[in-house]
Amino acid sequence: MSIKSALFGLTLSQLADVAAQNGLPRFAAKQMADWLYAKNVSTIDEMSNLSKSGRAKLAESYEVGRRDPLEVATSTDGTKKYLFAASKGFIETAYIPDADRHTLCVSSQVGCKMNCQFCMTGKQGFQASLTAGEILNQLASIDEREQMTNMVFMGMGEPLDNIDEVLRAIEILTSPWGYGWSPRRITLSTIGVTSQLKRVLDNTEVHMAISMHNANASEREEMMPVQKAFPIAKTVEILRGYDWTGQRRLTFEYTMFNGWNDTPRHVDEITRLLAGLNCRINLIHFNSFPNSTLKGSSQQTMERFRDMLNRRGFVATIRRSRGQDIQAACGLLSTQKQLDNIQRL
């Protein structure tokens, strides 16, 4: 039996190509987009304003291609972690409710190549990049999809290592024929893949979050091997070429570790690196995981560090950790268990 291609995750121009190849009028592309993204249908047969013969022709080679989650775990704080099957492996997605704000933390890859020492996803290694459809399926296939106010590309994987599919997903999210979201509802987190950073800055208006974690180059390289290929100083140099004084927000993420990056000297390093750049600094609790010897900074140390940064003129805050009891907090997403189970079969 032949494997059918997914319509879900295709852009309007790609849907126009599908329409042409299947003898449908060009305006059928917008009709399909409306069914896929506004009406959230599960089958081609539900696309009732396409001709019956057109639907039958489409169904020969295509399916909608959405997948329901395999599992869901719920934290005591209301956070949910969804497990999805991808074409090559599994991914996890975190839903974080907070009063009238509903945030979805989506994955862009199965695993990750970056091997940051404080991240379970990096310890899993890299299996595959997701398609735009697999990225958006994390939104479209959960019960809370209608409530969602924000999306962050902060789940499994490095978004800029899968730049083409991530840009397609953002196009669908922000286009009037797609989900029609404002780009201000979307934040993309990256370690700073400098070879692709300008593409996302030039082609989208989404907020940016840079995984800095240490402003000292040699110390950062110890914990983040990608520092050698993508120096944080080069990332900041690129960012200085853009306007951050308007609504578009720039944030630097900084997970804090006892003795490694939480001293007054490190405040000095951050000040030198980011001086004059309109940005925020988000201090993050380290969430320990099995076989890790790292130790996070104390709450008192983090508060002192935050206050020192604020006195230097930065806007620094401490992120409240969510979903720790279900391994959904920052740095804890991993599907290694599912991969191990498959290998044992």
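So, how was this worked out
Residues numbered from 1 in each chain as written. Predicted model: local features only at pLDDT ≥ 70, side-chain atom pairs only at ≥ 80, totals over all residues. Heavy atoms only, no water. Helix = DSSP H or I, 4+ residues; strand = E, 2+ residues; numbered from the N terminus. Buried < 20%, exposed > 50% of the residue type's maximum accessible area, 1.4 Å probe, protein only. Pairing = 2+ DSSP bridges. Right-handed = clockwise from strand over helix to strand, strands pointing away. Phe/Tyr/Trp six-rings, centres within 6.5 Å; stacked < 30°, edge-to-face > 60°. Lys NZ or Arg CZ within 6 Å of the ring centre and 35° of its normal. Salt bridge = Lys/Arg side-chain N within 4 Å of Asp/Glu carboxyl O.

As for the environment of Pro-231
Part 1 of the reasoning: Mapped onto the fold, Pro-231 is located in the loop between helix H8 (217-223) and helix H9 (232-239).
Part 2 of the reasoning: The class for Pro-231 is partly exposed, based on a relative accessible area of 30%.
Part 3 of the reasoning: For the pair Pro-231 and Glu-221, spaced 10 residues apart in the sequence, the C-alpha separation amounts to 8.7 Å.

Remarks on unusual backbone geometry
Part 1 of the reasoning: The backbone phi angle of Asn-40 is positive, close to 60 degrees, even though this residue is not glycine.
Part 2 of the reasoning: For Asn-40, the position within the fold is in the loop between helix H2 (28-38) and helix H3 (52-61).
Part 3 of the reasoning: When its relative accessible area of 13% is taken as the criterion, Asn-40 is described as buried.
Part 4 of the reasoning: Even without a glycine there, the phi angle at Asn-115 is positive, about 55 degrees.
Part 5 of the reasoning: When you line up the elements, Asn-115 lands in the loop between strand S7 (109-111) and helix H4 (120-124).

Things to note about the pairing of strand S9 (residues 150-153)
Part 1 of the reasoning: Taking every second residue as pointing to the same face, both faces of S9 are buried, with Asn-150 and Val-152 on one and Met-151 and Phe-153 on the other.
Part 2 of the reasoning: Pairing of strand S6 (residues 101-105) with S9, which is carried by three bridges, proceeds in the parallel orientation. Pairing of Thr-103 across the sheet is with Asn-150, part of S9.
Part 3 of the reasoning: Inspection of the sheet shows S9 paired to strand S10 (residues 186-190) by three bridges, in the parallel sense. Note that in S10 the partner of Val-152 across the bridge is Thr-187.
Part 4 of the reasoning: In the classification by handedness, the crossover that spans S9, the intervening helix H6 (residues 163-174) and the parallel S10 is right-handed.

Side note on the packing of aromatic side chains
In this description, a pair of aromatic rings is defined by centroid distance and the angle of the planes.
Part 1 of the reasoning: Following the criterion strictly, the structure yields eight aromatic pairs and no others.
Part 2 of the reasoning: The ring of Trp-35 has Lys-39 lying over it, and the distance from NZ or CZ to the ring centre is 4.9 Å.
Part 3 of the reasoning: Positioned above the aromatic ring of Trp-181, the side-chain terminus of Arg-185 is 3.8 Å from the ring centre.

Re the pattern of salt bridges
Part 1 of the reasoning: Counted under the stated rule, the structure contains 18 salt bridges.
Part 2 of the reasoning: Residues Glu-92 and Lys-81 are paired through a salt bridge, measuring 3.3 Å at the closest nitrogen-oxygen approach. With Glu-92 in strand S5 (residues 89-98) and Lys-81 in strand S4 (residues 80-86), this residue pair connects regions lying 11 residues apart in the sequence.
Part 3 of the reasoning: Using a relative accessible area of 6% as the deciding quantity, one classes Glu-92 as buried.
Part 4 of the reasoning: On the accessibility criterion, Lys-81 (13% relative accessible area) is buried.
Part 5 of the reasoning: Salt bridges sharing common partners tie together Glu-219, Arg-265, Glu-269 and Arg-272.

Some words on the environment of Lys-113
Part 1 of the reasoning: Residue position: Lys-113 is located in the loop between S7 and H4.
Part 2 of the reasoning: On the accessibility criterion, Lys-113 (49% relative accessible area) is partly exposed.

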